[in-house]
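Examination of the molecular architecture
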Amino acid sequence: MNADVRRIFAAQALRAFAYGFGAILLGVSLEAKGWSSGRVGLLLTAILAGTALMSIAVGTLGDRIGRRRFYAGLFLILAAAGIVFAATDEFWVLAAVGLCGALSTDVVESGPFTSLEQAMLAGEADSRTRTRDAIATIAGSVGALMAGGPALLREAVGGFPADQRFFLVFVPAGVIGAIVASRLSQRAEVEKRPGLGLPLQRSRTNVLRLCGLFAIDSFAGGFVVQSFIAYWFRVKFGVSVEVLGLVFFVVGLLQAGSFLVATRLAERIGLLNTMVFTHLPSNLLLAAIPLAPSFPVAMVLLFGRFALSQMDVPTRQAYIAALVDEEERTAAAAYTNSARYLTRPIGPALAGVAQQVTLGLPFFIGGGVKAAYDIAIWSWFRRVPIGSEEGQLEEVKR
């Protein structure tokens with residue numbers, strides 16, 4: 001593992017720790033301020049919309065500006081966002097900062113930072129997707145655990161509103177991340193080429209179908225981002241920040257374990273089967289959470305959901321690569337990722353509206369739509385021939 005890879009992993013771990021911390025505290029602090037579910041949903045929508053907009057900016061300008069420069073700039077935006085979120089609870093100010101694209105509603109961010117990291121690591125001799133995902137998830141889990149930190153931390157950063165001041169953790173994460181980004185070598189960059197690359201040809205129809213399906217799945221996921229789940233547990237059961245931190249610490253460990261199990265399972269039953277037959281039951285568990293009569297039952301359902309839900313991440317990436325021709329892989333990945341980014345911000349806004357009907361309705365909608373996605377992708381693609389699954393699994397396993 002060369003120095004650049006170690007630095008990228010370190011920067012990602014710092015960011016994931018901050019995101020894990022913030023994913024818990026965002027929902028809890030807004031609930032403590034008495035924000036309505038509709039306003040919470042709009043703020044989460046702004047954050048996700050910022051992720052989508054900045055992801056598009058990375059795709060169009062990242063190589064032209066320079067990957068290292070763009071990467072460092074994102075970390076500095078993250079630090080500035082932490083200061084603003086700690087200092088004020090004015091909705092329009094927070095929404096504007098959310099639109100800057102450096103924040104995340106989940107522990108594992110899949111937006112502009114990740115897009116740059118994937119590009120910078122692509123030149124390595126092997127794929128480090130599974131390692132990168134596991135590191136981010138574990139670091140984010142520790143951040144979630146620390147969100148309910150000791151009373152000493154609560155007093156150490158006085159001068160800011162209660163519950164919000166902990167967003168200052170984004171400041172050192174952002175500053176240190178920017179320093180690490182600036183120390184990456186020239187190998188992180190790419191030679192600038194004219195034109196937009198090779199378009200999709202043979203695989204165009206299949207990729208467009210996947211774009212539509214992934215857009216639906218991502219839209220449904222927007223109803224149940226982790227910040228909303230923390231908010232729901234707080235309102236429904238009055239769960240403390242300390243307990244929520246512990247819950248999402250365990251969630252992160254389950255996600256990290258699922259990354260490690262996914263490729264072994266795919267070797268036995270195939271990529272598409274692994275994607276569908278782990279994702280579908282996880283979505284049924286998600287839809288069942290608001291039916292739980294008590295916090296322990298809801299917690300068990302949540303753990304079961306996250307133990308299965310992330311197995312489709314590495315297998316989905318490998319499936320896309322196996323489905324298309326080698327020269328189409330970059331375009332296929334870009335189109336399918338963009339489809340996910342563009343629809344996800346809609347979910348939280350609609351979730352805020354749905355909560356006005358009943359608090360748990362977003363779980364039913366999110367789980368139900370995601371289950372329909374699983375059935376649709378299985379129906380459309382189970383007979384579609386693909387390239388070598390073994391080669392793509394080897395890439396994911398490294």
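Shown above is the structure to which this text applies.
Since we're looking at a predicted model, the values are computed, not measured.

Before going further, it helps to examine the overall build of the protein chain. Scanning the protein chain for helices and strands turns up 18 helices and zero strands. Put simply, 87% of the contacts in the protein chain that link residues at least 6 apart link residues at least 24 apart. Summed over its atoms, the accessible surface of the protein chain is roughly 16,400 Å², and 63% of this surface lies on carbon and sulfur atoms.

Relative to the helices and strands, Ser309 is located in helix H13 (residues 295-309). Residue classification places Ser309 among the buried positions, given a relative accessible area of 3%. Setting aside residues no more than four positions away along its own chain, Ser309 makes contact with His279 and Ser282.

One pass over the full model with this rule turns up five salt bridges. Connected through salt bridges with shared partners, the residues Asp217, Arg340 and Lys370 form a single ionic network.

Within the structure shown, the criterion is met by 20 aromatic pairs. Measuring from centroid to centroid gives 5.6 Å for Phe233 and Phe295, while their planes differ by 90°, and the two rings are edge-to-face. Of this pair, Phe233 sits in helix H10 (residues 226-237) while Phe295 sits in helix H13, placing them 62 residues apart in sequence. Phe233 gets classed as buried once you look at its relative accessible area, which sits at 1%. Grouping aromatic residues by their ring pairs yields a cluster made of Phe228, Trp232, Phe233, Phe237, Phe295 and Phe363. Between the NZ or CZ atom of Arg209 and the centre of the ring of Trp380, over which it lies, the distance is 5.0 Å.

Here we take up helix H8 (residues 170-182). Counting along an α-helix, one turn takes 3.6 residues, and residues three or four places apart therefore face a common direction. Taking 1.5 Å of rise per residue, the 13 residues of H8 would be expected to cover 18 Å, and the 18 Å separating its terminal C-alpha atoms lies within 8% of that figure. Residues Phe170, Ala173, Gly174, Gly177, Ala178, Val180 and Ala181 constitute the buried set of H8. The buried residues of H8 occupy an angular sector of 160° when the element is viewed end-on, so they sit on one face. Tucked inside the fold, the buried residues of H8 contact helix H1 (3-32) and helix H3 (67-87).

The subject of this paragraph is the environment of Ile135. Residue position: Ile135 is located in helix H6 (residues 129-146). Placed 123 residues apart in sequence, Ile135 and Gln12 show a C-alpha to C-alpha distance of 8.0 Å. For Ile135, the contacting residues outside a window of four places in its chain are Phe9 and Ala13.

Here the structure, examined in full by the defined rule, presents four cavities of 30 Å³ or more. What the largest cavity holds in volume is close to 60 Å³. For the largest cavity, the full set of lining residues is Gly22, Ala23, Leu26, Ile47, Phe85, Leu103, Ser104, Phe167 and Phe170. At three residues, the largest contribution of residues to the lining of the largest cavity is made by H1.

With their axes 8 Å apart at the nearest point, helix H11 (residues 241-269) and helix H14 (residues 312-323) run at an angle of 50° to one another. Of the possible angle classes, the one that applies to H11 and H14 is oblique. Note on element contacts: H14 touches H11 through Val313, Pro314 and Thr315, opposite Phe259, Ala262 and Ala266. Each residue belonging to the contact of H11 with H14 can be placed in one class, and the counts come to five nonpolar, one polar and no charged.

This part is about a nonpolar patch on the surface. Together, Ile138, Val142, Met146 and Leu253 make up a nonpolar patch on the protein surface, roughly 290 Å² of accessible area in all. Tallying contributions element by element places H6 first for the nonpolar patch, with three residues. By the element assignment, Val142 lies in helix H6. Residue Val142 is classed as partly exposed on the basis of its relative accessible area, which comes to 33%.

The N-to-C vectors of H3 and helix H4 (residues 91-98) enclose an angle of 165°; their axes lie 10 Å apart at closest approach. Classified by the angle between their axes, H3 and H4 sit roughly antiparallel to one another. Like other packed secondary-structure pairs, H3 and H4 cross with a definite hand, here left-handed. Together, Ala81, Val84 and Phe85 of H3 and Val93, Leu94 and Val97 of H4 make up the contact between the two elements.

Here is what the cut-offs are and how they apply
- Residue positions are given per chain, counted from 1 along the sequence in the order it is written.
- Reporting in this predicted model follows two pLDDT cut-offs: at least 70 for local features of residues, and 80 or more for side-chain atom pairs to be given and counted; totals over whole chains, interfaces and linings ignore these cut-offs and use all residues.
- Here the side-chain values reflect all heavy atoms present in the structure, with hydrogen atoms and water set aside.
- Helix and strand definitions here come from DSSP, where helices need a minimum of 4 consecutive H or I residues and strands a minimum of 2 consecutive E residues; each element is numbered from the N-terminal end.
- Residues count as neighbours in contact if any of their non-hydrogen atoms are within 4.5 Å of one another.
- Accessible surface is estimated by sampling points in the Shrake-Rupley manner with a 1.4 Å probe; for residues, cover comes only from the protein chains shown.
- Accessibility here uses a 1.4 Å probe with only protein chains present; expressed as a share of the type maximum, an area under 20% marks a residue as buried, one over 50% as exposed, and anything in between as partly exposed.
- The working definition used for a salt bridge is a side-chain nitrogen of Lys or Arg within 4 Å of a carboxyl oxygen of Asp or Glu.
- Note on aromatic contacts: the rings of Phe and Tyr and the six-membered ring of Trp form a pair at centre separations within 6.5 Å, being stacked when their planes are under 30 degrees apart, edge-to-face when over 60 apart, and tilted otherwise.
- For a Lys NZ or an Arg CZ to count as sitting over a ring, it must be within 6 Å of the ring centre and within 35 degrees of the ring normal.
- Any helix carries an expected span of 1.5 Å times its number of residues minus one.
- Here, the arc refers to the directions that run from the helix axis to the C-beta atoms.
- For cavity detection a 1 Å grid was placed over the protein atoms alone, and a set of points counts as a cavity when a 1.4 Å probe fits there but cannot get out; an open set counts as a pocket when protein lies on both sides within 12 Å along at least five of seven lines, with lining residues being those that have an atom within 4 Å of a point.
- Grid points are joined across faces, edges and corners, and a volume is the space filled by probe spheres set on the points.
- Axes, fitted as lines to C-alpha atoms, cover a helix only where it is in contact. Angles between the N-to-C directions of the axes lie from 0 to 180 degrees.
- Each angle is binned into one of four classes, with values under 35 degrees roughly parallel, values over 145 roughly antiparallel, values of 65 to 115 roughly perpendicular, and all other values oblique.
- Each residue receives one of three labels: charged for Asp, Glu, Lys and Arg, nonpolar for Ala, Val, Leu, Ile, Met, Phe, Trp, Tyr, Cys and Pro, and polar for the others, Gly being one of them.
- Patch criteria: residues need more than 30% relative accessible area and no salt bridge. Like-charged residues are merged within 9 Å; nonpolar side chains of Val, Leu, Ile, Met, Phe, Trp and Tyr are merged within 5 Å.
- Left-handed describes a crossing in which the near helix is turned anticlockwise from the far one by less than a right angle; the clockwise case is right-handed.

The values reported here are purely geometric and, on their own, carry no functional implication.
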